[in-house]
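# Observations on the model geometry
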Amino acid sequence: MQATTFVEDWLCYNTTLGEGAYGEVKLLIHRRTEEKIACKIINHQRYKDAATNINREVTIHRMLDHENIIKYFGRRQEPLKEYIFLEYASGGELFQLIEPDIGMASHAAQTYMKQLMHGVNYLHNKGITHRDIKPENLLIGEGGVLKISDFGMATLFRYKGKERLLDKKCGTKPYLAPEVLQKPYRAQPSDLWSCGIVFVAMLTGELPWADATDRNVEFAKWRKDVYISETPWSKLGNTALSLARQILNLDPNKRLTLEQIEKHPWMKFNFDCGSSKDNVDGSVERPTKRWNSMVEAETKHNRDTPQVTLSQPIITYRPSSIDQLINDLKTTRREQVCFSQPTQYEDLMIQFTQSPITKDNFHNLSKRMTRFYVTVSYEKTLEALCSVLDTLHYSWTTDASGAVTISTVDFMKNQLIFKANLFEMDGRILLDFRLSKGCGLEFKKKFLKLKSCLCDIIDK
Ligand code: ATP
């Protein structure tokens, strides 16, 4: 595999686990024990404000030790760069497990909700609030255990038993409690509100609103109690809806506390693992109902999604045509990698993907739903992908390694950037999509759209 020695015995793979606000997250593997850790690389030269924010993040993160929180191992500081070593979450981000407009099975959602509550309870008992709970910050570790990550917005709300009110507006809009925008606000109920939105997203594959403000039509309906026939609420069983209603209570003082959430009947219900969309009240969602909701949601999504092309390419290199791109790849890439030589197989994995893929860990990665095998060659796949991107008016660029960076906006008109990588696996080509920036659920919706446009070349 292509790797460089990071420090003695630790190899840093030419692979990116994810992209953060100040740089990339890479995978380090111990040469002998094969232990894996994640390394967040902060580029101080490029991000001048990084130092203060990272110091705050580390100060909090190093205090934490809980099975539902990504462990902090240490940091290494250099003049221009800084490395933060973290427990590696092999299962990726929670949003990868949420099917857009559908969600996930109730028993899985219940397991994650319980684990989320354990992690948040630990934080709150330590007087710490996360302030940016969302599926993109909830990672999945070994054995499918949920791990809270990214303490960039976290702060202390209780010290020596004395609680303080917070006044910094921070977090991610769709997950923000309404009082956060009206400050000052209490830390615990506002974190729990965000957990409530995660709960709804897990069960329905939808976010209820773009922001919890009076201007927002969906939120206004929630306020006025006239939401019942609307999605996502109409997709929830009675007991799940009762829990959502009480967590998403507009009054932070009446909102369920963490202990009350844990005691709610939905959290205690023994879901039958065999049934995928079972409701606590025993009813199973009718497929027609779900299909109708999906059609509704898709129609709405199309209506709200402006077809824009961002004029500024985010990467400097953009071939003027597909032919040029493929030619460029032939001259730049083929010298380094060869499809047919098994000896270079692992190099290929590393060069073509953002995570090192071996037969051993493939079962983990295949859980990710934003990838598929294709029936045609590397070049034809790239050609088909780029042509679909042009048809959909998604702006795209490619770098020298052949990764395609796709840039668009979501229905909230927020920037959405994701990457497509191709690699060969057992003689087949796998097309893999990964979110770089923006909402995970919106990314997955776009993925599904691309997938349906590419159905002719998908290996079923
Ligand atoms: P932002 O504030 O923009 O969300 P950040 O700079 O705080 O980003 P993280 O969210 O911590 O960075 O990490 C970016 C991405 O890297 C994550 O969304 C995840 O996909 C991946 N990642 C981060 N930490 C780990 C880890 N411990 N194990 C596996 N992947 C990780």
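Before going into details, it helps to say that this report is about the structure given with it. (Residues numbered from 1 in each chain as written. Predicted model: local features only at pLDDT ≥ 70, side-chain atom pairs only at ≥ 80, totals over all residues. Heavy atoms only, no water.)

### So, the pattern of salt bridges
A pair can form between side chains of opposite charge whenever their charged atoms are brought close. Across all of its chains, the model carries 18 salt bridges by this definition. A salt bridge links R75 to E82; the shortest N-O distance between them is 2.5 Å. Note on R75: relative accessible area 23%, which makes it partly exposed. Salt-bridge contacts for K445 lead to D101; the nearest nitrogen and oxygen are separated by 3.8 Å. With K445 in helix α13 (residues 440-453) and D101 in the loop between β6 (81-87) and α2 (106-125), the pair connects residues that are 344 residues apart, well separated along the chain. One exposure class covers both K445 and D101, and it is buried. (Salt bridge = Lys/Arg side-chain N within 4 Å of Asp/Glu carboxyl O. Buried < 20%, exposed > 50% of the residue type's maximum accessible area, 1.4 Å probe, protein only. Helix = DSSP H or I, 4+ residues; strand = E, 2+ residues; numbered from the N terminus.)

### Some points on the site of the ligand
Near the ligand you find 17 residues, and of these A21, K40, E87, E93 and D150 are the closest. Residue A89 places a main-chain N or O atom 3.0 Å away from a nitrogen atom belonging to the ligand. Between D150 and the ligand, the recorded distance is 2.9 Å, taken from a side-chain N or O atom to an oxygen atom. Calculation on the ligand without its partners gives an accessible area of 620 Å², and the protein chains cover 83% of this total. (Near = heavy atom within 4 Å. Polar contact = N/O pair within 3.5 Å; in protein donor to acceptor, adjacent residues only side chain to side chain. Areas by Shrake-Rupley, 256 points an atom, 1.4 Å probe, with all protein chains shown as cover.)

### Quick word on the packing of aromatic side chains
How two aromatic rings sit relative to each other is set out by the distance from centre to centre and by the angle between their planes. Overall, the coordinates contain 18 aromatic pairs when judged by the stated rule. Plain terms: the ring middles of W209 and W233 are 5.8 Å apart, the flat faces sit at 45° to each other, and that makes the pair tilted. Of this pair, W209 sits in the loop between α3 (187-204) and α4 (217-223) while W233 sits in the loop between α4 and α5 (238-247), placing them 24 residues apart in sequence. Comparing W209 with W233, the two get one shared label, buried. In this structure, R428 is placed above the aromatic ring of Y373, and the distance from its NZ or CZ to the ring centre is 3.7 Å. (Phe/Tyr/Trp six-rings, centres within 6.5 Å; stacked < 30°, edge-to-face > 60°. Lys NZ or Arg CZ within 6 Å of the ring centre and 35° of its normal.)

Treat this as a map of the structure, not an account of what it does.
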